[in-house]
Amino acid sequence: MSEIKLFLRDFITPAKIKRYVGYVFVFAVFIQIFFQDQAVFRLSGSAGSMIGYGMAFTSAVYVTHTYPVFENIGFYLALPVKKWKMYGAYFAALWICTLLQRISFAVPVVVKFSTHAAENLLLLILNSGTAVLLSIGLLLAENSKKWGTLIWNLVLAAALPAAGYLDLQSGYQAVLSVCIAAGAAASFRSMKITDLMIIHEPKKNRPGKCAANYFYRVAVTEKIYLANTACIIVFLIVLCMISRENQVMMNLVWCTGAVNTPFLTMISADLQTSRHIDMLPAKKNSIYKQYFIFLLSYFLMINSIILLAKYMIFQELMYRDVFLALLSAPFETALAGMLERKRRITGWQTKQELWKNPRKYVLPLAVFIGVSVYYSAGI
């Protein structure tokens, strides 16, 4: 228990718990007021658990690829504690953190829109634990450079979304989740406990077209940006599979494409760059131009992936979808860039705290409303 507290005190505090309880309450009231029709989402038990699994997996990947760079974890792992006990403490702390910060928001949705709520909530909790184990396994495999184990964990990570697409019964999903969790945990045996840490090694810059853009270089160098983008793409595809003919769920796909918080806070997250920007005259400050170009290329890529996924899953693609992809990318770029320029996030202590700032919901909410109006208008 004492080992769990070591990690928990870095993840959550009593003040954060109270804040998240308030957020979840407001969210529950919101869906109760604005979504009276329970058939609007038509969520099956499998769909609800898959959404929760996606949320848990992305959240755990964020933490496992950012928290291990802190000095604290090096002190914890140096303690005379058995390897499996430390693994267990790290997993339990991360699971608790994930349940609070991500799964808590899925609970009101599952209760309101899915059938057999109690059964699906248990499955949601189980799948979130599986997601945490897989994210830890991916980190260990990356740091130890055991690529076979990395591929094994990626295959396991794709198994649950595949089960959701096949709409398996919750009992089969629960058994599958336990098997996947056991498979992920088995890969820990050959890893060193110090592989939980991330040590940044300097890399030589390669010349190319993107070399002049600072944000392209950061995105390629830092693992969290690539990992987050990969998770967003997987989550988009899973949501497309779930959406089928449900337009509300399809609107959520476009909304999710605008939720890459690390990319949308790249200036806020870089204190040195922020200071340099503040020191430069406004007319000579080209960093924002670079940032806008980077964001535009990112949103165009994500929107193209949404179009491709929709075409491959539904075997159809209408002109209004293409027009929406081209129209929304500049809008997302302008709003995201303006938020970083005019409403930069300051006063944060960890990047997890930075990425969970309420400002992160401004762009996705604007995209969801805009897409809903666009499709409702029948343009």
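## Describing the overall build of the protein
- Across its full length, the protein holds 18 helices and 0 strands.
- When the 379 residues of the protein are sorted by exposure, 51% land in the buried category.
- Sequence separation of at least 24 residues holds for 83% of the intrachain contacts in the protein that already meet a minimum separation of 6.
- Carbon and sulfur atoms make up 68% of the accessible area of the protein, which amounts to about 19,000 Å² in all.

## Overview of the confidence of the model for the protein
- Averaged over all residues, the pLDDT of the protein equals 81, while 87% of them reach at least 70.
- When pLDDT is averaged over each element of the protein, helix H16 (residues 319–342) comes out on top at 92 and helix H3 (residues 45–64) at the bottom at 74.

## Concerning the side chain of Thr 130
- Looking at the element boundaries, Thr 130 is found in helix H6 (residues 117–144).
- Those residues in contact with Thr 130 that sit more than four places away from it in its chain are Leu 160, Ser 177, Ile 180 and Ala 181.

## Some remarks on the environment of Tyr 298
- Along the chain, the position of Tyr 298 falls in helix H15 (residues 287–314).
- Of the residues examined, Tyr 298 reaches a relative accessible area of 5% and is grouped as buried.
- Apart from residues lying up to four places away in sequence, Tyr 298 is in contact with Thr 229, Ile 232, Gly 257, Asn 260 and Phe 263.

## Structural notes on helix H8 (residues 170–186)
- Over its 17 residues, H8 runs 24 Å from end to end, which matches the ideal 24 Å to within 8%, given 1.5 Å per residue.
- For H8, the complete set of buried residues consists of Ser 170, Gln 173, Ser 177, Ile 180, Ala 181, Gly 183 and Ala 184. Taken down its axis, H8 places every buried residue within 160° of arc, on the same side. Away from the buried face of H8 by more than 90 degrees, exposed residues Tyr 172, Val 175 and Cys 179 are located.

## Quick word on the pattern of salt bridges
- Applying the stated criterion across every chain yields a total of 3 salt bridges.
- As a salt-bridge pair, Arg 359 and Glu 340 come within 2.9 Å of each other at their nearest N and O atoms. Taken together, the residues Arg 359 in the loop between helix H17 (351–355) and helix H18 (362–376) and Glu 340 in helix H16 connect sequence positions 19 residues apart.

## Let's talk about unusual backbone geometry
- A positive phi angle, close to 60°, is found at Lys 145, a residue other than glycine.
- Within the element layout of this structure, Lys 145 appears in the loop between H6 and helix H7 (147–165).

## Notes on the side chain of Ser 135
- Along the chain, Ser 135 falls in helix H6.
- Excluding anything up to four places from it in sequence, Ser 135 contacts Phe 57, Ala 60, Val 61, Thr 64 and Leu 94.

## Thoughts on the nonpolar core
- Membership of the largest hydrophobic core comes to 109 residues, with the highest contact counts inside it found for Phe 7, Phe 11, Phe 57, Ile 136, Leu 196, Trp 254 and Phe 299.
- Considering every element that reaches this core, the biggest residue donor is helix H5 (residues 83–113), with 14 residues.
- If we skip the residues at most four places from it in the chain, Phe 299 touches Gly 257, Ala 258, Leu 264, Ala 329, Glu 332, Thr 333, Ala 336 and Leu 363.

## Structural notes on the packing of helix H11 (residues 247–256) against H18
- For the pair H11 and H18, interaxial distance at closest approach is 8 Å and the crossing angle is 135°. Of the possible angle classes, the one that applies to H11 and H18 is oblique. Helix-helix and strand crossings are classified by hand; for H11 and H18 the assignment is right-handed. In this structure, H11 contributes Gln 247, Val 248, Asn 251, Leu 252, Trp 254 and Cys 255 to the contact, and H18 contributes Pro 364, Val 367, Phe 368, Val 371, Ser 372 and Tyr 375.
- Residues belonging to the contact of H11 with H18 are distributed by class as follows: 9 nonpolar, 3 polar and no charged.

## Brief notes about H15
- Its 28 residues place the ends of H15 40 Å apart at the C-alpha level, agreeing with the 40 Å of an ideal helix rising 1.5 Å per residue.
- Following H15 by one or two positions, Gln 315 adopts a phi angle in the positive range, close to 55°.

Cut-offs applied
- Residues numbered from 1 in each chain as written.
- Predicted model: local features only at pLDDT ≥ 70, side-chain atom pairs only at ≥ 80, totals over all residues.
- Heavy atoms only, no water.
- Helix = DSSP H or I, 4+ residues; strand = E, 2+ residues; numbered from the N terminus.
- Buried < 20%, exposed > 50% of the residue type's maximum accessible area, 1.4 Å probe, protein only.
- Contact = heavy atoms within 4.5 Å.
- Areas by Shrake-Rupley, 256 points an atom, 1.4 Å probe, with all protein chains shown as cover.
- pLDDT = per-residue confidence, 0-100.
- Expected span 1.5 Å × (residues − 1).
- Arc of directions from axis to C-beta.
- Salt bridge = Lys/Arg side-chain N within 4 Å of Asp/Glu carboxyl O.
- Core = buried A, V, L, I, M, F, W, Y, C linked by side-chain atoms within 4.5 Å.
- Axes fitted to C-alpha atoms, helices over the stretch in contact; angles between N-to-C directions.
- Parallel < 35°, antiparallel > 145°, perpendicular 65-115°, else oblique.
- Left-handed = near helix turned anticlockwise from the far one by under 90°.
- Nonpolar A, V, L, I, M, F, W, Y, C, P; charged D, E, K, R; others polar.

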